[in-house]
Amino acid sequence: MTAPSSAADRTDGTDRTDGTDRLPRPRPAYAAHTWKEIAHLLLNLPVAVFGFAYAFTVLVTGGTLTLTVIGLPLLALCLLGARQLGKLERARARRLLGVRVEEPTPLPLAKGGGLVQRLWMALKDPVGWRTLLYDAIRLPWGVLTFCTVLISLSVLWPVLPYLARALANVDRAMVRGLLSPSDELERRIAELESDRGIVVDTAAADLRRIERDLHDGAQARLVNLAMGLGLAKEKLLEDPDAAAAMVDEAHGEVKLALQELRDLARGIHPAVLTDRGLDAALSSVASRCTVPVKVTVDLPARPAEAIEGIAYFTVSELLQNISKHSRARSASVDVWRSEDRLLIQVRDDGQGGARLDGGTGMRGLAERLGAVDGLFVLDSPAGGPTVVTAELPWRNRKA
C-alpha cells in the first residue's frame, strides 16, 4: 500500500488533503491597488474629454463674450464650475490613487460686499484658473494612458503593474501640482483675514477710548466751565467779588481742560512726532518715564507716517509698563534700520517676569505689530532683565 504523499511532494498544483483532487483557489492577477490605478488610467479618457470640452468652451465663449455685458459674469460662473470639477478630480484621485490633497479654501463670496466685488473675486480665483489649465492639458494624456493600459491588458500584462504605477505617478504629480491649494497662499490669506480683524478691533477700541476720554474729561470740564461763567455773569452786578472768584475758578478749569485736550491729542498723534520725527518724540516720552531712560535713534531717514506712529506708540506703551510694573533703576531704547526692517529694542534692569498674557498690554502690542507684518519678541526671565525686540517693515516716507 502506497504511503500518502507529503505536502512537499505535491507539485502538480492540486490539493489532496481529503483524498480528492482540487484546483487551487483563483486569485486576482494583480493587487487591489494596481487594479485601482488601472481603473483610474482607463477613466482618464472620458474624464479628460469632458474636462477639455468644458475648458475649451469656457475659454472661447468667455473670451469672445467679454466684450458684452454678460461676458465677465459668465466667465466668473464658469470658473466657479471649474472649482467643482477640480473637487471631483481630487475625490477620484483620493479614491483610486490614494493621493491626499487638501481642499482649497472656499471663496468668501458672502462677505465680498457688492456684486462687482464678488464678480472680481471669482474672476481672479487662482484655483479655478489652475483647474481649467488642468482640464485643458489632460486630453492627450488621457488618450495616451487609455490606449497604453488597454493594449497592455492584452499584450504586456506581465509588466502592466509597473507600467500602471509609472503612469499613475504622473497623474499624482499633476493632481498635486495643479489641483492642490497653494500652502503659502492659503496661509497668507488666513493671516490677512486675521490681521484685518485685529486692525478693525483696534481701531474700534481706539475710537471708544477717545470718545470716553472726551466725554469724561474735557467735555465735562467745559460744561462745568459754561455753568460757572453763567453764574458769574448773574452775580457780576450783585456781588462783583464773588463773580471775580468764580471767573478765577473758571480760568483754572480752562487750563485743566486744555491740558486734557493736549494729552488726548498726544495719545492720538503727538505734534512733536509729526514735526521732528521719532528721535525727538521718543525723547519726550522718555522724559515722562519714572525711570531714567537712554534713547538712541539711528535712522538714515524717516519711515512712512504709519510705521513711525506704530513705532512711537509701541515704545510709549513699553515705557509706561516699565514705570508701572518693572521696579527698574534704568532703561534704554534703541531704534535702527536693518535692510528693509525697522528694529526697536527696549531694555530695563527690573524684576522681569513679564508675559504676553500677563495683563500688561503685551499681547495687544504683539497683535498690532503682527497686523502690519511686524514681529514682537519678549525675553523677560524672573529677576530680569527684560528685553523687548520689535520689528516693523520699513516703508519709505512719501515726499
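Residues numbered from 1 in each chain as written. Predicted model: local features only at pLDDT ≥ 70, side-chain atom pairs only at ≥ 80, totals over all residues. Heavy atoms only, no water.

### Describing the nonpolar core
- In this structure, Leu-319, Val-333, Ile-344, Phe-376 and Leu-392 are the most contacted members of the largest nonpolar core, which totals 33 residues.
- Secondary structure elements with two or more residues in this core: α9 (278–287), α10 (305–326), β2 (331–338), β3 (341–348), α11 (362–370) and β5 (386–393).
- At seven residues, α10 tops the list of elements feeding residues into this core.
- Those residues in contact with Ile-344 that sit more than four places away from it in its chain are Ala-311, Val-315, Asp-334, Val-335, Val-388, Thr-389, Ala-390 and Leu-392. (Core = buried A, V, L, I, M, F, W, Y, C linked by side-chain atoms within 4.5 Å. Buried < 20%, exposed > 50% of the residue type's maximum accessible area, 1.4 Å probe, protein only. Helix = DSSP H or I, 4+ residues; strand = E, 2+ residues; numbered from the N terminus. Contact = heavy atoms within 4.5 Å.)

### A few points about the sheet that holds strand β4 (residues 375–379)
- Pairing is mixed in the open sheet, where five strands are placed in the order β1-β2-β3-β5-β4. Each edge of the sheet is formed by a strand with only one pairing partner; in this case those strands are β1 (293–298) and β4. On average, adjacent strands in this sheet sit at an angle of 10° to one another, irrespective of strand direction.
- Inspection of the sheet shows β2 paired to β3 by eight bridges, in the antiparallel sense. What sits directly across from Val-333, in β3, is Val-346.
- Together, β1 and β2 form the strand contacts of α9, whose direction differs from that of β1 by roughly 170°.
- Packed on one face of the sheet, α11 meets β4 and β5 and runs near 150° to β4. (Pairing = 2+ DSSP bridges. Axes fitted to C-alpha atoms, helices over the stretch in contact; angles between N-to-C directions.)

### Digging into the pairing of β3
- Extensive coverage of β3 is indicated by the burial of six of its eight residues.
- Following β2, the chain reverses through two residues before pairing antiparallel with β3; Glu-339 in that reversal takes a positive phi of roughly 55°.

### Thoughts on the pattern of salt bridges
- Applying the stated criterion to the full structure yields nine salt bridges.
- With a shortest N-O distance of 2.7 Å, Arg-165 and Glu-37 are connected by a salt bridge. Here Glu-37 lies in helix α1 (residues 32–65) and Arg-165 lies in helix α5 (residues 160–179), a separation of 128 residues in the sequence.
- By relative accessible area, which is 34% here, Arg-165 ends up partly exposed.
- The closest approach of N and O atoms between Arg-92 and Glu-89, which form a salt bridge, is 2.9 Å. With Arg-92 and Glu-89 both in helix α2 (residues 71–96) and three residues apart, the pair spans about one turn of that helix. (Salt bridge = Lys/Arg side-chain N within 4 Å of Asp/Glu carboxyl O.)

### Overview of a nonpolar patch on the surface
- A cluster of nonpolar side chains, Phe-52, Phe-56, Leu-59, Val-60 and Trp-129, forms an exposed patch at the surface whose accessible area comes to about 450 Å².
- Checked against the element boundaries, Phe-52 lands in helix α1. (Patch = residues over 30% accessible without salt bridge, like charges linked within 9 Å, V, L, I, M, F, W, Y side chains within 5 Å. Areas by Shrake-Rupley, 256 points an atom, 1.4 Å probe, with all protein chains shown as cover.)

### What about the packing of helix α4 (residues 126–154) against α5?
- Close contact between α4 and α5 brings their axes to 11 Å; oriented N to C, the two are set at 175°. The angle between α4 and α5 falls in the class roughly antiparallel. Within the contact between the two elements, α4 uses Arg-130, Thr-131, Leu-133, Tyr-134, Ile-137, Arg-138, Trp-141, Thr-148, Val-149, Ser-152 and Leu-153 and α5 uses Leu-160, Leu-163, Leu-167, Val-170, Asp-171, Met-174, Val-175, Leu-178 and Leu-179.
- Residue composition of the contact of α4 with α5, grouped by class: 14 nonpolar, three polar and three charged. (Parallel < 35°, antiparallel > 145°, perpendicular 65-115°, else oblique. Nonpolar A, V, L, I, M, F, W, Y, C, P; charged D, E, K, R; others polar.)

None of the figures reported here should be taken as evidence of function without further support.
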